Amino acid sequence: MNGQLLLVLVLTEWRLRTRRLGSLLAFAAMLGLAWLIIAAPVDNTTLLVVKDTRVLNTSAALALASATLLSPLLTLFGFFLLRGRAAEDMRSGLGAVIACAPASSAVFLLGRTLAGLLYLGVLVLAYLASTLVFHLSHGVGPLELGVYLRAYAFVLLPSLCFTATCATFFDSVSVLMGKAGDVLYFFIWVALLALMASIGSADLAPAPAWLLLDFTGIVTAVSQLSAQLGSTSVQLGLSSFNPELAPISIKELSWSTSQLFTRGLALMLALLPLMLARLCFHRYSPDRVKLSAAAARRSPLAVLNAWLKPLSRLVQPLFWLAAKLPGLAGQVLADTALSLASTPAAIALLLLSIAASAIVPAASLAGPLIAIATCWGVLISELSSRDFQADTELLACSGRGGAGRRYLSQLSASCLLGLMFMGLIALRWALTGNLLGSLALLSGILGLSALAALMGVLAKTARCFLAFFLGWLYIALNARDLSAIDALGFNGAANTASVGFYLSLAALAGLAGYVWQVRRLR
C-alpha cells in the first residue's frame, strides 16, 4: 500500500512541476548551458587544459569535464527550482488537504524528494543530450555513450541527492521557507565550494573524510585526473592553452573500489537533510506555519528589516513624487519606492553601494560592482511576480493602462533600481575614459531587468530568475575572459558585440513579456 501511495505522490508531484512554464524555461536553459560552459577549440580556449596543453575533446574528456562543470551549478539553481512547493501548497489551499491525507509525513517527504530527483534528472538528460550534440560537431573520436553515463552517474548522483534533500528540508522548516532559507543555502553552497577549493589546492591527496563532503565531485574527479596525467596543473572550463604545444588525449578514468565506496558514502550523507526534514516537518499545522506577517517576522531577514525600518522614511519623498507624476512615470516611482520600503535592508545596501561607488578609485570599481550587482539582482527577482504571490495581480492590472502598463512599470522599476545601485559606477567609468565598460554596465542592467520581468510573469515566482542570475554570476566569476558572459562589465571582457547582444536581449525579452502578460490577463 505504501509503495503504491508513494508512486502516486511522486507522479502527482512530477506533473505539478512539469506543467509549469518555468520548467520549460529550465529545460531550454539546460539545452543551451552545455554550449555555454564547454568551449570549442577556438580563440585559444578549450574545455580541459593540462600544463598549457589542450586536451582533445574525446568522450572521456567531455564526459568528465562537462559533468564536473555542471555539478556546482546544479546544486545551486536546482535548489531554487525545487524550492517553494510548501509555500505554494499553502497559498493554493492544498496544504490543508495534504495535512489530513492518509500518507504519513515520511512517505510524503520521500515522495516529494523522489519527484525532485526525477525532475532534476530530466534536466541533466537535456544537458547530456546537448553535450552529445556538441561532441558530434566539435568532439574528437567516437561518441561513447557508456563513458558519458558512467561519468555522469559517478559525479552527479550525490549532487542530485544533496540538492533534492536540501530543498525538501528547507521547505519543512517554517523559518527557512522564505528568503532567509534562500540566503542560508547560498552561503552553505559557497562554503562547500570554498572548502573543496582549499582541499583541492593542497599538494597532498585529499583525505577520504573530506571527500564525503564533496557532493559536487569536483575534488574527486580532478584528483583522479591529476593522478592519470601526472600533473596537478589541471584547468577545467574555458581555459586558454598554448597552440604551439601538441594536444594530448586522455582515457576514461578507472575508479577504484575505495573511490566508489567514498562516493557511495557521500551519497548516503546527502540523504541526511531528508532525515532532518522528517523531524522538523510542520505538516502545514496552522500553529507552526501560516501565510502571515507574523510568520515572516521569525526569519532573520525580517528581523533585520524590522531593525532597519526607520530607513523606510528615506523613500517617502518617492511616494510623494509618484503621486504627483501622471501615467507610467508615477507608477514606476511607486514600484521602486515600494521595493525599497518593503525591504529596508535594501535601503541600507543602496546607501553603502553609493558610498562605495563614490569612494573607491574608478580603476578598482569592478570588485565592489560584483557585490552591488548581486544585491540588485536579488532585489529585482521578485518584482514582476510580487502581484501574483500576493493575489493582487488582477487588482493591480485593473487600473489605467491595464496589464501592459503594469508590466512596463515593473520592468522600468527594475531598470531604475539598477541605475540607483550602479549608475554612479557607470558615470565614473564614462568620465575616466572607460566608455565601453559604462555602456556594458548600462546594457547589462537593461538586459537582466528584461529577463527578470519575463521570467517573473512566466514562472510566477522569483526563484526562476534568482536561480538563473546566481548561476550566471558563478559562470561570470569563473570565465572572466568570455565577453558574452560579462553582462555588467566587471570582468573587463565586454566588447561592442556583447553590448549589442544585451541591448537586443532587452528588447526581445521585454517585448515577449509584454505580449505574454497582456494576452494572459486579457
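Residues numbered from 1 in each chain as written. Predicted model: local features only at pLDDT ≥ 70, side-chain atom pairs only at ≥ 80, totals over all residues. Heavy atoms only, no water.

Asks: Which residues make up the packing of aromatic side chains, and what values do they have?
Replies: All told, the structure shown has 16 aromatic pairs when counted by the stated rule. Ring geometry for Tyr127 versus Tyr152: centroids 6.3 Å apart, planes at 40 degrees, classification tilted. You can see Tyr127 sitting in helix α6 (residues 105–138) and its partner Tyr152 sitting in helix α7 (residues 145–172), a full 25 residues away along the chain. Look at Tyr152 and you get buried, because its relative accessible area is 5%. Taken together, the ring pairs connect Phe79, Phe80, Phe169, Phe170 and Tyr185 into an aromatic cluster. (Phe/Tyr/Trp six-rings, centres within 6.5 Å; stacked < 30°, edge-to-face > 60°. Helix = DSSP H or I, 4+ residues; strand = E, 2+ residues; numbered from the N terminus. Buried < 20%, exposed > 50% of the residue type's maximum accessible area, 1.4 Å probe, protein only.)

Asks: Outline the packing of α7 against helix α11 (residues 257–269), listing residues and values.
Replies: Close contact between α7 and α11 brings their axes to 9 Å; oriented N to C, the two are set at 15 degrees. It follows from the interaxial angle that α7 and α11 lie roughly parallel. Here α7 runs over α11; the crossing is left-handed. On α11, the residues touching Phe154, Val155, Leu157, Pro158 and Cys161 of α7 are Gln259, Leu260, Arg263, Ala266 and Leu267. (Axes fitted to C-alpha atoms, helices over the stretch in contact; angles between N-to-C directions. Parallel < 35°, antiparallel > 145°, perpendicular 65-115°, else oblique. Left-handed = near helix turned anticlockwise from the far one by under 90°. Contact = heavy atoms within 4.5 Å.)

Asks: Can you break down the sheet that holds strand β1 (residues 45–50) residue by residue, with the values?
Replies: Pairing is antiparallel in the open sheet, where three strands are placed in the order β2-β1-β3. Two strands bound the open sheet, and with one partner strand each, they are β2 (53–54) and β3 (234–240). As judged from the five bridges shared by β1 and β3, these two strands associate in the antiparallel manner. The residue bridging Leu48 from the neighbouring strand is Leu236, located in β3. Docked against the sheet, helix α3 (residues 59–82) engages β1 and β3, running at close to 100 degrees with respect to β1. (Pairing = 2+ DSSP bridges.)

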